[in-house]
Amino acid sequence: MINDIRVSPHFKLREFQCRCCGAVKLCPKLLLKLEALRSAWGGPLIITSGYRCPLRNKAVGGAAASYHLRGMAADISASPREQQFLKEIALKIVFTEIISGGGDNYLHIAI
């Protein structure tokens, strides 16, 4: 079953599925960097958005050229305080796009 497939030591495929259609695109490099981020963070990371199909991306107000559309981005659940610490770690791991969600309690990262 797709929900139980581990794609790395700490992440399951379902975490990257589109919330509306269940499709998945996942760039292996993103997964490697997420594992590095989790290791440096020292605790679990909750993926709130991975791949988004075009319909889902439009529905949530995503950018027309969003990395989510290519499986190259993830949003991680994080309080505003956690966002700052995660952002500092993500910069060292060399994510190419890091956007704080502020009071919306997430950090967007992409490769």
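A short tour of the structure in this document, coming up. Predicted model, so just to flag it, every value in this text is computed and none were measured. (Residues numbered from 1 in each chain as written. Predicted model: local features only at pLDDT ≥ 70, side-chain atom pairs only at ≥ 80, totals over all residues. Heavy atoms only, no water.)

**As for the packing of helix α1 (residues 28–41) against helix α3 (residues 80–93)**
Reasoning step 1: Between α1 and α3, the least distance of the axes is 10 Å, while the angle of their chain directions is 125°. One way to sum up the angle between α1 and α3 is to call them oblique. Helix-helix and strand crossings are classified by hand; for α1 and α3 the assignment is right-handed. Contacts between α1 and α3 pair K33, A36, L37, A40 and W41 from the former with E82, F85, L86, I89, A90 and I93 from the latter.
Reasoning step 2: Tallied by class, residues from the contact of α1 with α3 come to nine nonpolar, no polar and two charged. (Axes fitted to C-alpha atoms, helices over the stretch in contact; angles between N-to-C directions. Helix = DSSP H or I, 4+ residues; strand = E, 2+ residues; numbered from the N terminus. Parallel < 35°, antiparallel > 145°, perpendicular 65-115°, else oblique. Left-handed = near helix turned anticlockwise from the far one by under 90°. Contact = heavy atoms within 4.5 Å. Nonpolar A, V, L, I, M, F, W, Y, C, P; charged D, E, K, R; others polar.)

**Description of the sheet that holds strand β2 (residues 73–77)**
The strands that make up a sheet are held in pairs by hydrogen bonds between backbone atoms, and each pair lies either parallel or antiparallel.
Reasoning step 1: Pairing is antiparallel in the open sheet, where four strands are placed in the order β1-β2-β4-β3. In this open sheet, the two strands that pair with only one neighbour each are β1 (47–49) and β3 (97–100). Pairs of neighbouring strands in the sheet enclose a mean axial angle of 30°, with direction left out of account.
Reasoning step 2: In terms of strand pairing, β2 meets strand β4 (residues 106–110) through five bridges, oriented antiparallel. The residue of β4 that forms the bridge with I76 is L107.
Reasoning step 3: Sheet contacts for α1: β1, β2 and β4; angle to β2, the most-contacted strand, approximately 25°. (Pairing = 2+ DSSP bridges.)

Remember, this is a structural readout, not a statement about activity or role.
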